[in-house]
Every structure is written in C-alpha cells, then in structure tokens.
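Descriptive structure summary
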Amino acid sequence: MLRFLTSGESHGPQLTVIIEGLPANMSIDIDQINEEMFKRQGGYGRGRRMQIEKDTVEIVSGVRHGYTLGSPVTIVIKNDDFTHWRNIMGAAPISEEEQENMKRVITKPRPGHADLVGGMKYNHRDLRNVLERSSARETAARVAVGALCKQLLKQLGIDVYSRVVEIGGIKDEGLYDIQTIIENVDKNDVRVIDDSIAQAIRDKIDSAKKEGDSIGGVVQVIVDHMPIGIGSYVHYDRKLDGRIAQSVVGINAFKGVSFGEGFKAAEKLGSEIQDPILYSEEQGYYRASNHLGGLEGGMSNGMPIIVNGVMKPIPTLYKPLASVDIDSKAPFKATIERSDSCAVPAASIVCEHAVSYEIARSILEEFGSHDFSRLAQQVAERRELNQTF
Ligand code: EPS
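Worth saying up front: this structure is predicted, and the values here are computed from it rather than measured. Throughout this description, residue numbers start from 1 for each chain and increase along the sequence as written. Local features in this predicted model are restricted to residues whose pLDDT is 70 or higher, and side-chain atom pairs enter the listing and the counts only when it is 80 or higher, whereas totals over whole chains, interfaces and linings include all residues. The side-chain values count all of the structure's non-hydrogen atoms but skip hydrogen atoms and water molecules.

1. Here we look at the site of the ligand
- Residue proximity to a molecule or strand is established when one non-hydrogen atom of the residue lies within 4 Å of it. Taken together, the residues surrounding the ligand are His11, Arg40, Arg46, Arg49, Met50, His113, Ser135, Ala136, Arg137, Arg338 and Asp340.
- Side-chain atoms alone can form a polar contact between residues adjacent in sequence; in general such a contact is a pair of N or O atoms within 3.5 Å, and within protein one must be able to donate a hydrogen while the other accepts it. With respect to the ligand, the side chain of Arg46 contributes an N or O atom lying 3.1 Å from an oxygen atom.
- Taking Ala136, its main chain carries an N or O atom lying 2.9 Å from an oxygen atom of the ligand.
- In the complex, 93% of the free accessible area of the ligand, which totals 460 Å², lies under the protein chains. Only the protein chains shown count as covering a residue, and every accessible area follows the Shrake-Rupley method with a 1.4 Å probe.

Here's what the structure looks like:
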C-alpha cells in the first residue's frame, strides 16, 4: 500500500515527507526530482517568495546508492525563508512580553482562505497558526512525492505530462494530439501549447496584479501508455477517477475536476461521448476516440488518461476585500500577505504530481509487489492482455 504524510509550516524550518510502499530496487534520480521542484517554483505570475526559495530535496531514508530499499522514504525540503521567521515561527516557548510584541499576528481573515473557519475550528486567535499550514507551500512536498511516483511510472513505461489550458478566461483552444502536447509542454512560462496566446495571458496576469487582484485557470494532466484495468468498478473508493478527483481537489485553490471532455458531456448525446471499441492484430483493443479521457467504470481503458483541474484565483489580494477584525469585531480590509497573482502554471505541475501519486498507488494496489522487477513483470503481462483477451 502506497501512502504518504507531509509536515511543515510555510515559514517554518522545513517541509518533511514520509512516503511508504514504493517497491524495493527501483532506481531514483535525485536531479530529476529537483527538476520537477524547480518547475513548480516557476511560471509567470509568481510572487517574491519564490526568489527566496531554491527548493531542493534531501533524501534521508529509504534510498541507498540510488535504489529504493522498500523501507519508508523520507524527504526534507528546507525553507530558506525561515531565516527571516526564526523568532516568529520557533518551536520554543516565548515570554508574555514577547507574545505581546509578536510581529505578523493575523486577526483580519482573508475571504476565501482557511483563516477564519480554521481559527474557529482549532481555536487560534492568531490566524497565522492557520495560514502557515493551509498555505500552498505544502504543494512542494506533494511534488516531491509525485516525482518519486513519476519515476516509478516512467520505469513501467507510463508517461505523465501537464499543461495549462486556460488562465483568466484566455483559452488554449487547439485540438492537439497527444504527440503535439508532449512535445510542447514546457514551451513558455505560462505552460500553454499555443505560443501565440502566451503574451495575452501574461498581460492579463500583469493587469490583475496591477489592480491588486489575482486570477485562476484550468490545467490538464495527461497520462500516456496506461496499462488497462487499473482501478475498479466494484466499489466507489477503488475507482481510479474517484481517487484522482479527491487528490486534485485536495490541491490548494482547486475547485473542480473533470475527465476527458468533462462537463461538455452534459450537452452531448450518448452516441457522441462514448468511445467506439476497435481491434487490430497490431494494437489489440483500442478506441476510435478518447472523449471519456481513458477511464470507463472507474478503470483505465488503455487510452491516455486526461484530467482537467480548475483553480480559483488565489484569495490573498493586494486590494483586499471586506473582512472583520476578530479581536475588535470592527469591519476592516483583510490582511495583505505577500502572495502570487497567478499560480496556475505552477499548479499544473502540482496537479501532474498529485495524479502521478494516485496512479502509482492504484498500480501498486493492483499488483502488490515489493520488488520493482516483479512489479514490472506483472505490468508487462497486463499489457499483453490487450492482445490476448
Ligand atoms: C502562499 C503565499 C505565498 C506563496 C506561497 C503560498 O507565500 P509567502 O506568504 O511566503 O509569500 O509564495 O507559496 C509558496 C511558498 C510555495 O512554495 O508555493 C499561500 O498563502 O498560500
């Protein structure tokens, strides 16, 4: 069983991840993990925090001489910004005087953020105690987990990509084939395939930023060369699409998820949205189209899995909305915290890794192997089923 736990506050000393259940004897490329970490930090519209951080992973357990041991893998990502927050975020008790003079206390919750409800629920009068963990900083840890999973998938012949399909209402409307997407995913800093709309998107992000506002968008993840029958139709909690949906909507600011043509299915006839089944000696079973995004009955059907995720605009606004000071109860503008004006390109990387984790988890559940080469053997046998069934 693959599982992970992350810990760490946004301005604390570090993020830590323990991931358990990766098979032994799988090769690990640390530079490759750091490349993914670097990609998450980038993208047009990010704020100044990302100039402070140089996210790199340190693996402190579970890997030896470049191979997994089958024991829990622990990853540490240091927060370089902690040097500026040592007094505010330290773990040691502080005096009453220090408490009274504490800087960066938050009492004016930001609408759309976890601040107010989190404060009520956990009984925090300083809403920083909520913000620190609800911050999207945690997504760095999720990318580290996903990067390990992506490496496992790659070694099983499965490739995962992501792109941005819309930011602030500007859409990349091209009907691209998978090959075109694969070849163009990292072409520009807004991660769209159509270069000709990239500048319009940058301008839109700039104007939102100038107005003290933020914008959201839609990202897409593509999983190519999936073996058939991962997930299950027999129970809701084993459906692969259900698991992916939970994982994607669990990313900060994600409000929706769809597969393949997604919500457009509501307008279509049944004959327009199902994907006809074909067979050839060379390919085995395949589909004439991929409207359903590679999933039927909660299982992979061998076509590329297509996941779309909707991200709302970030709630921290430089021109803040109405809020209330929780001490005086007087109306105030919400707290202004340093933030990104648009994190959609970065979020596409997070989504790619959240999906990679769920796919890896379901594959490991399907084949239950503790050794990489045995796992690879089982996946290869499953692939043969496409011709022999
Ligand atoms: C975030 C606020 C900003 C972002 C942060 C998410 O952090 P800070 O308050 O330190 O400027 O930069 O994102 C990250 C730190 C990250 O690594 O993505 C928030 O409140 O969610």
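This is not the end of the story, as more comes after the structure.
2. Focus on helix α10 (residues 240-249)
- Note on classification: 1.4 Å probe, protein chains only; a residue is buried when its accessible area is under 20% of the maximum for its type, exposed when over 50%, partly exposed between these limits. Numbered from the N terminus, helices here are DSSP runs of H or I no shorter than four residues, and strands are runs of E no shorter than two. Every buried residue of α10 is listed here: Leu240, Arg243, Ile244, Ala245, Ser247 and Val248.
- Where the residues of α10 are buried, they touch α7 (139-155), β10 (254-259), β13 (295-296), β14 (299-300), β15 (305-311) and α12 (344-367). Any two residues whose heavy atoms approach within 4.5 Å are treated as being in contact.

3. Description of the environment of Gly262
- Mapped onto the elements, Gly262 comes out in the loop between β10 and α11 (270-273).
- Residues Gly262 and Gly293, 31 residues apart in the sequence, show an inter-C-alpha distance of 8.3 Å.

4. Things to note about the sheet that holds strand β7 (residues 159-167)
- What makes two strands pair is DSSP finding at least two bridges between them. Judged by pairing direction, the sheet is antiparallel, and its 5 strands sit side by side in the order β8-β7-β9-β15-β10 without closing on themselves. With one partner strand each, in any of the chains shown, β8 (170-171) and β10 form the two edges of the open sheet.

5. Quick notes on the side chain of Asp172
- Residue placement: Asp172 occurs in the loop between β8 and α8 (178-184).
- It turns out Asp172 is buried and unbridged, and the closest side chain with the opposite charge, Arg163, is 4.1 Å from it.
- Separated by 2.5 Å, the side chains of Asp172 and Tyr176 make a polar contact.
- Here the side chain of Asp172 touches Ile193 through a polar contact of 2.8 Å, landing on its backbone nitrogen.
- If sequence neighbours within four positions are ignored, Asp172 has contacts with Arg163, Val164, Val165, Val192, Ile193, Asp194 and Ile197. For this count, His and the chain ends are skipped, Lys and Arg are scored as positive, and Asp and Glu as negative. Salt bridges are counted wherever a side-chain nitrogen of Lys or Arg sits within 4 Å of a carboxyl oxygen of Asp or Glu.

6. Concerning the pattern of salt bridges
- A complete count under the given rule lists 25 salt bridges for this structure.
- Here Arg137 and Glu53 are joined by a salt bridge, their closest N and O atoms 3.8 Å apart. On the criterion of sequence distance, the pair formed by Arg137 in the loop between α6 (128-134) and α7 and Glu53 in the loop between α2 (49-52) and β3 (57-61) is long-range, its members being 84 residues apart.
- Arg137 gets classed as buried once you look at its relative accessible area, which sits at 4%.
- Look at Glu53 and you get buried, because its relative accessible area is 1%.
- A salt bridge links Arg361 to Glu358, with the shortest nitrogen-to-oxygen separation between them at 3.1 Å. One end of the pair, Arg361, and the other, Glu358, are both in helix α12, 3 residues apart, so they sit about a helical turn from each other.
- Classification of Arg361 as partly exposed rests on a relative accessible area of 22%.
- A network of salt bridges, in which partner residues are shared, links Arg40, Arg49, Glu53, Asp55, Asp81, Arg137 and Arg338.

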